[in-house]
Each structure stands twice: as structure tokens, then as C-alpha cells.
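Each chain, written out:
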Amino acid sequence: MKTFAITGRCIATPPPADWRERLAQMLGAKPRRIGIWAELGLYGALHCMADAGEGALPQDAQIWLGSCRGTHAATAVVLDQLRDDLPMPLAFLQTQPSQLLALLAARLSWNGSACFVAGADPQAMLRLASAQAWSDGLLLGWVEEMDGGSTNWLRLRPATVEGGDFVDAPKGELFASGLTHMRLEATGLQVRRAGQSNLGEQRAGW
Amino acid sequence: MKPVYLSGRGLACALGLNVTDSLASMRQGGVATSVCVLPGELGGRFPYYTIPYIRTDWNERARELVRRVAAEAGALDHRDGVLFIATSSFDIGAVEQGAPQTDHGEFSDKVAGWLEWSGPVYVISTACTSSLNALLAAHALLTTGEAEEALVLGIELDNKLTPGGFAALQLLSSTGSKPFGIDRDGLVLGETVAALRLSTQETAQWKFKGGANVIDGSQPTGASEVAVASMYQRALEACALKTDVIDLIKVQAAGSPGNDAVEAQGLRNAFDSVPPLASLKSAMGHTMGASGAAEITLLTACLEQGVWPQYVHAVDPGLGVGLAAQMPESVRHVMATILGFGGSHATVVLERA
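Conventions adopted
- Residues numbered from 1 in each chain as written.
- Chains lettered and ligands numbered in written order.
- Predicted model: local features only at pLDDT ≥ 70, side-chain atom pairs only at ≥ 80, totals over all residues.
- Contact = placed C-beta atoms within 7 Å.
- Helix = DSSP H or I, 4+ residues; strand = E, 2+ residues; numbered from the N terminus.
- Nonpolar A, V, L, I, M, F, W, Y, C, P; charged D, E, K, R; others polar.
- Pairing = 2+ DSSP bridges.
- Buried ≥ 20, exposed ≤ 12 C-beta atoms within 10 Å, placed from the backbone.
- Axes fitted to C-alpha atoms, helices over the stretch in contact; angles between N-to-C directions.
- pLDDT = per-residue confidence, 0-100.
- Parallel < 35°, antiparallel > 145°, perpendicular 65-115°, else oblique.

**Student:** Before we move on, can you summarise the interface of chain B and chain A with the specific residues and values?
**Tutor:** Taken together, the contact pairs 47 residues of chain B with 40 residues of chain A. Within the residue set of the side of chain B that touches chain A, elements represented by two or more residues are α3 (92–96), α4 (104–114), β5 (121–124), α5 (130–143), α6 (161–168), β9 (206–215) and α7 (225–238) of chain B. Looking at the side of chain B that touches chain A, the element that brings in the most residues is α6 of chain B, giving five residues. Its residues assigned to classes, the side of chain B that touches chain A comprises 21 nonpolar, 21 polar and five charged. Relative to β5 of chain B, strand β3 (residues 114–118) of chain A runs antiparallel, the two being bridged by two bridges. From the neighbouring strand, Val117 of chain A faces β5 of chain B, where its bridge partner is Ile124 of chain B.

Take a look at the structure:
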């Protein structure tokens with residue numbers, strides 16, 4: 001069982017109305033030809049990293065990205081283009097969720113392990129990520145373009161917390177605000193909320 | 001850490017509907033490609049490796065192939081294990097036939113339902129490295145004791161979107177698959193459903209040791225020499241092995257003029273003496289997200305049965321590496337590599353008992 005401290009977060013469900021302008025500010029220019037889903041992902045991940053006070057991701061950190069609908073909208077566009085011609089090359093690339101992993105790698109000056117998990121359960125993704133996490137922790141995000149959009153990210157670092165003040169978290173709690181730590185037990189997610197005692201915490205080196 | 005064994009495998013590909021038939025086809029020199037016809041100015045007729053199993057309805061065909069392959073891998077007795085579905089194209093072929101575009105949770109439920117799977121289900125989609133990343137995730141769950149059985153199921157079946165996208169990027173060959181070939185002109189895609197069953201309970205002759213996945217953002221649609229070398233180095237470190245114990249590497253070598261050269265240079269950077277190399281692309285095509293599972297299935301079967309891929313094309317001497325014409329005499333440690341879109345470079349290590 002690994003315990004993580006939440007050192008940065010972006011909870012944007014939905015993202016602010018001006019999120020694209022804010023993304024352009026963070027990048028120094030408007031992103032081009034990468035698709036809205038990837039733009040949303042970039043916005044949330046960079047916001048989360050800024051919140052964590054990190055400009056670059058350590059090489060042994062891992063990126064885990066999930067989505068229930070992923071590049072659904074971009075895929076619909078390409079399917080339409082395919083009726084009587086080949087898709088536009090960049091439109092096809094926008095159907096591949098792994099393109100966002102490459103964009104993040106470039107932006108975060110990082111070469112490392114990253115994975116896209118397609119599904120409906122962020123907590124299940126955390127279980128996979130936790131099993132593979134190393135000492136530099138995780139950048140973990142869940143991005144949806146549909147229904148107003150959402151881009152939720154956590155920067156998780158390994159931690160050792162003495163004391164038993166973790167509580168069981170209901171499903172969907174992973175990206176709740178006000179959490180300081182989390183860990184996965186066999187029975188499910190346990191969290192520690194802000195305001196609970198923080199005695200005895202130290203950085204863990206797995 | 002608990003040792004993880006490759007305890008079962010199943011395969012349906014252009015070579016045949018199971019491992020035995022696929023090996024028999026390889027012994028006879030392989031199979032001819034079919035043709036994929038794509039619209040538009042950059043479209044046309046492209047060679048394509050099709051599974052010889054004809055059904056009109058995409059879902060019906062996929063369901064039957066998935067069931068066959070999972071059964072061949074012995075997975076139906078372990079349906080409470082962890083199921084990893086690895087794919088880059090999901091069920092887009094069904095959508096092209098008029099089915100509604102579903103979300104990934106529904107796709108996951110559909111495939112799990114075909115197998116009456118009761119355990120946890122994950123869908124991994126990292127383009128062509130999907131099934132290697134699924135294997136690495138499964139390995140982590142098994143070594144940490146979170147699970148005892150896992151099935152990695154690679155699925156890439158007929159659709160127009162994937163070859164259409166590759167054709168739009170001008171990545172497809174119009175002549176044939178020529179891994180590391182002097183006149184290589186692109187990739188030949190193929191279909192497959194492949195299954196690898198990993199277990200900490202049921203010993204087998206191959207151990208899954210681990211591996212590495214390296215994303216390099218500098219080349220979102222291609223490989224990078226630095227990342228290839230880094231991938232090998234990290235994988236060997238993860239498995240506590242040195243370069244000189246590797247007896248064979250199954251390379252990506254998909255026949256891309258640029259990527260094959262980058263991969264070859266990365267290999268030369270990673271290994272003082274490059275081990276014998278093998279490619280299975282001209283036997284079954286590049287099967288994208290399922291290629292890792294499919295090629296490991298076929299490679300381990302080849303090594304056990306003494307079958308070796310035959311390369312009829314001339315290898316490019318400028319690459320500084322070649323493909324082994326014959327099976328190496330003694331193979332204990334094998335690496336299997338896939339490179340893909342999204343700057344994804346993945347390799348895994350198998351050890352023969």
C-alpha cells in the first residue's frame with residue numbers, strides 16, 4: 001500500500017470560461033491543431049504543475065491520463081471525413097489520445113513512462129498507477145471534452161504519514177477539493193482531509 | 001516480488017486462427033496479403049494482413065475471435081482475474097457499420113461481456129504500444145500481490161479509420177512489408193486478436209521480467225534515438241540485467257524509411273554489441289495496439305517449436321544492424337519492442353526457464 005501526498009491539483013469541472021486564453025498564457029501562444037480534448041488536458045496538467053510549484057516533471061515521475069469518452073469528438077470528425085476521402089493527417093492524430101502524452105512530455109521537459117486508460121473509473125486508474133509508481137510520484141489526470149468539459153489533475157508524491165486519521169472515501173472522491181493525502185486499500189480509496197493533523201509526515205522513498 | 005509467468009497465449013492473425021495454425025503457415029513461408037482500398041487522392045490499394053475469418057457483422061466477428069483467443073490462452077478458467085484490453089481502434093469498425101459511437105466504459109463492458117468476465121477490467125490505449133503497456137501494468141499488479149492472474153487481450157480489427165489515417169500521413173507501403181529493408185517504403189498494417197495470460201500461480205517456461213515505457217515528446221509521430229536507447233537501458237535496469245545477457249531482440253522494424261533508421265541507431269547506442277534481431281512484421285503485418293501481445297505470442301511459440309521468420313527482402317546495410325537469418329542457438333533472455341505514435345517507446349523482457 002502506498003500513500004501519496006497531494007502537492008498540486010487542478011479541479012476544473014467545468015473549466016473556467018476563459019480557460020483557452022489562460023492556456024495560451026501558460027504556453028506563450030495559442031496551441032495549434034491539437035484538438036480541444038488535448039487542449040483541455042494541457043490546461044489542467046500545466047495548471048496542476050504550477051500549483052505544485054514544479055516547472056518540469058522529474059524523470060522518474062509517471063503520467064497517467066484517463067477519460068471515459070476521450071477523443072470522441074475528433075473521432076466523429078474523422079469518420080465523417082472518411083466517407084469520401086482520407087482524413088486530414090492532423091485530424092487523424094487528434095483521434096489518438098496518446099498524442100496528449102507526447103505534448104505533456106514536451107511541455108514538461110520530461111521523458112518517462114505515461115499511459116492512457118480508457119474507462120469510467122478514475123479510482124481504478126489510480127490503482128494501476130500506484131502499482132507502478134516510483135519515488136518521483138505521479139501526475140494523474142482525467143479529461144472529458146463532452147458535457148461542458150472537465151480537466152482534473154493531481155500531482156501525487158509518495159509520503160509516509162504516521163497516524164490513522166485516513167477515512168474511507170466515497171466513489172468519485174478522488175478529485176474532491178480539500179484532500180491532502182490518499183492511499184488505496186484493498187477495500188478502496190482512503191483520504192486525509194485538510195485540517196487533520198499533519199504530524200509525522202515525511203517524504204517516502206519507495 | 002513474486003515471479004510472473006507467461007502461462008497461456010492465444011492468437012488469431014493473418015497466419016491463422018490459433019497459434020498452431022499460425023506456426024504452420026510460417027513453416028510454409030507465410031501468407032499473402034489481402035488489399036485495403038482507401039478513398040481519395042492519397043488513397044488507393046494497400047497491402048493488408050487480414051484474419052481469415054469472414055463474418056459481415058463487426059461485433060459478431062470480434063466476439064467470436066475474442067472468445068476463441070481467450071479460450072486458447074486458458075483464460076476462461078480465470079475469469080475473476082484482471083482483464084486488460086489493449087487497443088488503439090476500440091470498436092470503430094462497428095461504428096463504421098452504423099453502430100452508435102459508444103464511450104470507453106461501454107466498450108469495456110461489451111468485451112468483458114463477450115467473455116463473461118467477472119474480474120476488474122482496464123482498457124489501455126497508447127497507440128501501438130498499448131499491449132506492451134498493458135503487460136507492464138499487469139506485471140505490476142501481479143508482482144505487488146494485488147492480483148494473481150491477468151489476461152492481456154490485444155484487439156485490432158478491420159476498420160477504415162486506422163489505415164485511412166496512416167495513409168493520410170503517407171506511412172503505408174504500397175509494395176509489402178520489408179523490415180529494415182533496403183527498399184522499405186512504409187508499413188503494412190494487419191488485424192489481430194492476441195491474448196497473453198500472466199500468472200503468479202501457474203508456472204510456465206517463460207517468465208515475464210518487466211520492461212520500460214518511454215514517452216518522448218520531441219517526435220509525436222515517430223521514434224527518437226535517445227528514447228530508444230533510454231528505453232533499453234531502463235528496461236534492463238528494471239529487470240536487473242546487463243546488456244550482454246540479452247540473446248535476442250524482437251524489434252519494431254515496421255518498414256518505415258525513417259523510423260527503422262532511428263530504431264537501428266538507438267539499438268547501436270544502447271548495446272555495445274547488438275544482439276541477434278528478429279522481426280515478425282512481414283509475417284503478420286503491423287497490428288498496432290495489439291502488436292506487442294501478438295508478436296510475443298508468435299515469437300515465444302517460434303522459439304519453442306524451432307520456427308523462424310524468413311526474410312526475402314535485402315536488409316539495408318546502411319542501418320548497421322541486420323535480422324538474424326536463423327534462430328540463435330540458445331535463447332534465454334528476449335526483449336520485445338514496439339514503437340508508436342505519441343512518442344511511445346516500449347520494450348519488455350522475457351526469461352526462458
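That shown, we press on.
**Student:** I'd like a rundown of the pairing of strand β5 (residues 150–160) of chain A, residues and numbers included.
**Tutor:** All names here are of chain A. Burial runs high along β5: eight of the 11 residues are buried. Across eight bridges, strand β1 (residues 3–12) lies against β5 in antiparallel orientation. Bridge pairing links Ile11 to Asn152 in β5. As paired elements, strand β4 (residues 138–144) and β5 share seven bridges and run antiparallel to each other. Note on β5: the bridge partner recorded for Leu140 is Leu154. Counting the residues between successive antiparallel strands, the hairpin from β4 to β5 contains five residues, one of them, Asp147, with a positive phi of roughly 55°.

**Student:** Got a sec to walk through the sheet that holds strand β2 (residues 34–38) of chain B? Specific residues and values, please.
**Tutor:** Consider a sheet: its strands pair through backbone hydrogen bonds, and that pairing is either parallel or antiparallel. All names here are of chain B. With mixed pairing, three strands are arranged side by side in an open sheet as β2-β3-β7. Each edge of the open sheet carries a strand with a single partner, namely β2 and β7 (189–190). This element, α6, spans β2, β3 (44–49) and β7 of the sheet and lies at about 70° to β2.

**Student:** How would you explain unusual backbone geometry if you had to name every residue and give the values?
**Tutor:** The step from Thr13 of chain A to Pro14 of chain A runs through a cis peptide bond, and the omega angle for that step is 0°. As for its placement among the helices and strands, Pro14 of chain A is situated in the loop between β1 and α1 (19–27). For Phe180 of chain B, which is not a glycine, the phi torsion comes out positive at approximately 55°. Relative to the assigned elements, Phe180 of chain B resides in the loop between α6 and β7. If you check the backbone angles, Ala253 of chain B has positive phi at about 35° while not being a glycine. With respect to the element layout, Ala253 of chain B can be found in the loop between β10 (248–250) and α8 (257–270).

**Student:** Tell me about the environment of Pro179 of chain B, and name the residues and values.
**Tutor:** Residue and element names in this part refer to chain B. Mapped onto the elements, Pro179 comes out in the loop between α6 and β7. Separated by 172 residues in sequence, Pro179 and Glu351 have C-alpha atoms that sit 25 Å apart. Each residue touching Pro179, except ones within four places of it in the same chain, is listed here: Ala253, Ala254, Gly255, Ser279, Lys281, Ser282 and Leu323.

**Student:** Account for the environment of Leu236 of chain B, naming residues and giving values.
**Tutor:** All names here are of chain B. You can see Leu236 is positioned in helix α7. In this structure, the C-alpha to C-alpha distance between Leu236 and Val348, residues 112 residues apart in sequence, is 9.0 Å. With residues up to four places along the chain from it excluded, the contact list for Leu236 reads Leu241, Lys242 and Thr243.

**Student:** Requested: an account of the confidence of the model for chain B, with residues and values cited.
**Tutor:** In this model, chain B carries an average pLDDT of 97, and 100% of its residues clear a pLDDT of 70 or more. Confidence estimates for the predicted assembly give a pTM of 0.97 and an ipTM of 0.97.

**Student:** Outline the packing of α5 of chain B against helix α10 (residues 291–305) of chain B, listing residues and values.
**Tutor:** How two helices pack is summed up by the angle between their axes together with the distance between the axes. Residue and element names in this part refer to chain B. Between α5 and α10, the shortest axis-to-axis distance is 5 Å and the interhelical angle comes to 80°. If you check the angle between α5 and α10, you find them roughly perpendicular. From α5, Ser131, Leu132 and Leu135 reach across to α10, where they touch Ser291, Gly292 and Ala293.

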